[in-house]
Amino acid sequence: MSESTAIFVFKLRQNIALEGDLLLAQMELDSFLPDRVQDLMEIKSIIQNIPELSEIEGLGRLDAHVRQNGKQAYVAKGSLELLPHLIRRVSFIQRIYCVTQVSPSTKAFLVDTIHQVGSIIKNQVVDNRLIIQAIPHYTLIELSKIVANHSQGVDDTKRNLDGLVDALLDRTVNKSVIKLTTIALSARSTTSHLTHDIHYYKAKFFPRMVRSILNSCTPELGKGCHVLDNFVGSGTTLLEASILGIPSLGLDIDPLSTMIAQAKLDAVDMDSELLATEAARIIQAIENKIIETRFGGRCDSDEMTIIFPDWLMKNRKMTGEIATELSGEINRVQSAITGSDPRLYKLLCVLMSDAISRKIRMRFMGTGVGRFSLTLAQKPLFTIFTDSLRQYVKVAAMCEWLKQMIHLRLADAQVIAADSKHLPSNLGQFDILVTSPPYLPASSGRESYAKARALSLIALGLDNVEDLIDNSIGSMNGNGIDVGALTNNERDLVEWLHRDKLRQIKAEPTGRYFLDMRQAFAEMYRVLRPGAKAVVISGKTSTFYQFKTRKPLYVVNVAEILADEAQRVGFEVDALHDIQLDKCNRNARPRSLDNYYETLIMLQKPK
């Protein structure tokens, strides 16, 4: 068809709460649309220019489930041919309204678009203008997880998801279907869609953020891009890149992280009926073991091989009796999943690890000497596991439905175990790097991610926990750093820590953190093609407080220091974007009493 001009109205997701998300949404749309994108503080104001939009009723109505505070939408002009691309790519948009002139070519284009993106489009003709409503793929992906959570089993999940689309496009009057759809649209948090919630993981990416970064980078670089995340963590970048059709590679020094990331990808292609059959067998085996133990059978602890670390046993809450009980619960799950279908075994191991991490929560106190608080969930570990297993049967059904409804296909993604300070020589070249290294507080004794995962690592037989702690970025083992190699800002911080008796134990590890990151930046630079983009997400600042008064004593501009380290190895710094995130926890460290910001350090390797 000859190019037709269209007006696009983008209704923002109702659950966008922070201005940082609006910045990301704007960046994303600017990368897609050649003309300037304009704000709509009140979406209904567009009716003055496009009165035909007032004809839309039901859940598609302009002001239905709209943001109540602040900006509600964007408007822009562009080619009608952009519509399929926008449906597949946008991250923060609840509904796309597209207005163009009626013609045989536009009607044919609409039929072809539905064939490409699925039956998630509704249209009507008003005064010779074609009014198109489209549900973006990402919105449907997010909403589908809420619907799956309210469903029972494979068939009910798929049936409810069919109802979701019917309700969104006003094709049903079924009150229960509309109610469930309204619940999904009103959900405050939708960050656990697809398999993003496969494992509890502290400090993981927000999926929308990652997706919008990828969207903002790829138009300039063109097709055939290859993404790298060299601190892959739980695999958020890989899954989001795969959804967008971009091949990716992730690596991490932590073997549990690589296992989680791989399972997160594999679970999207899991056969729901196979998983349902195995889940029923495993749950029955666990229940039989409970009955056997309760009526005088061999105690689980008789089979136990897990040895709790000495430092964990020193915590006053981890008594010998509790350790024995936890060992027995882990053993029940291990025994039940042993012999499972090989296609499912790694997923089952990850779900077991998730149950361990949810049962036993450790929060390190920031003293630098390994002190931590311990919280034990009341629910038995094996119950946490079986609940997750039942949930993932529905997730598998949901993924099957998405593949059929919107032709969801994941691009190739690989996960390997490697140290970001010493990347493999045969890794290849990449066009985009999106990653979030360990933050300064996590690497200077305020947290220990490796210790917090110790029981999972031990139960799965993955690694020596102490070796993993020592080799991580900014380990508490300072190894006698060369202070002279630090920049002025880094050295000032390390010297200040040395002068503080309570914090001097953190001085060398903090220096090591910056030197480790310098080495990691050099490796990033080496494996990127000339002209490649890199986006490194870091906490904006790290603040040291007076313990009693919470008065700030020293504010570290971490993002600026890391941007300087990136420049030192050859990167160009394009921008630093501060994004406020909803990560408040008023029972946590004093830092969380402030507004929390992360910074997108936008880098480019010179051409």
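Above this text is the structure in question.
Position labels on residues start from 1 in each chain and follow its written sequence. Local features are withheld for residues below a pLDDT of 70 in this predicted model, meaning they are given only at 70 or higher, and side-chain atom pairs are given and counted only at 80 or more; totals for whole chains, interfaces and linings count all residues. To obtain the side-chain values, all non-hydrogen atoms of the structure were used and water was disregarded.

Engineer: Just checking my understanding: could you explain the overall build of the protein for this structure?
Structural biologist: Of the regular secondary structure elements, the protein holds 21 helices and 17 strands. A buried classification covers 58% of the 607 residues belonging to the protein. Contact between two residues is taken to exist if any of their heavy atoms lie within 4.5 Å; hydrogens are not considered. Residue pairs at least 24 apart in sequence account for 78% of intrachain contacts in the protein once pairs closer than 6 positions are excluded. Using the Shrake-Rupley algorithm and a 1.4 Å probe, accessible areas are obtained, with residue cover drawn only from the displayed protein chains. In the form shown here, the protein has an accessible surface area of approximately 25,200 Å², with 48% of it arising from carbon and sulfur atoms. We count a stretch as a helix when DSSP gives it H or I for four or more residues in a row; a strand needs E for two or more, and each element gets its number in order from the N terminus. Partly exposed describes any residue whose relative accessible area lies between the buried limit of under 20% and the exposed limit of over 50%, with all areas from a 1.4 Å probe on protein chains only and scaled to the type maximum.

Engineer: Explanation requested: the sheet that holds strand β1 (residues 5-12) in the structure shown.
Structural biologist: In a beta sheet, neighbouring strands pair by backbone hydrogen bonds and run either parallel or antiparallel. When DSSP finds at least two bridges between two strands, those strands are taken to pair. One open sheet holds the six strands; their spatial order is β2-β3-β1-β4-β6-β5, and the pairing between them is antiparallel. Sheet topology places β2 (38-40) and β5 (121-126) at the edges, where each strand pairs with a single neighbour. Going across the sheet, the axis of each strand differs from the next one's by a mean of 25°, ignoring polarity. In this sheet, strand β6 (residues 129-134) lies alongside strand β4 (residues 93-101) in antiparallel orientation, the contact comprising six bridges. Pairing of Ile 96 across the sheet is with Ala 134, part of β6. Fitted lines through C-alpha atoms give the axes, limited to the stretch in contact for helices. The angle between two N-to-C directions lies from 0 to 180 degrees.

Engineer: Hey, could you run me through the pattern of salt bridges in this one?
Structural biologist: Oppositely charged side chains can form a pair if their charged atoms are brought close together. Just to be clear on terms, a salt bridge is a Lys or Arg side-chain nitrogen sitting within 4 Å of an Asp or Glu carboxyl oxygen. Per the stated rule, a full pass over the model turns up 28 salt bridges. By sharing partners, the salt bridges in this structure join Glu 490, Arg 518, Glu 565 and Arg 568 into a single network.

Engineer: Looking at this model, I keep getting lost on the pairing of β1. Mind explaining?
Structural biologist: In terms of burial, β1 is a largely internal element, seven of the eight residues being buried. For β1 and strand β3 (residues 73-79), the ladder comprises seven bridges, and the chain directions are antiparallel. In the sheet register, Thr 5 faces β3, and the bridge partner there is Ser 79. Sheet topology note: the β1/β4 ladder contains six bridges and is antiparallel. Of the residues in β4, the one forming a bridge with Ile 7 is Val 99.

Engineer: Hey, could you run me through the sheet that holds strand β11 (residues 413-417) in this one?
Structural biologist: Across the sheet, seven strands lie side by side as β11-β8-β7-β12-β13-β17-β16; this open sheet has mixed pairing. The sheet is open, and its two borders are formed by β11 and β16 (572-581), each paired with just one other strand. Ignoring which end each strand starts from, the neighbouring axes of this sheet average 15° apart. Packing against the sheet, helix α8 (residues 236-243) makes contact with β7 (227-229), β8 (248-252), β11 and β12 (430-435), and its axis sits at approximately 175° to β8.

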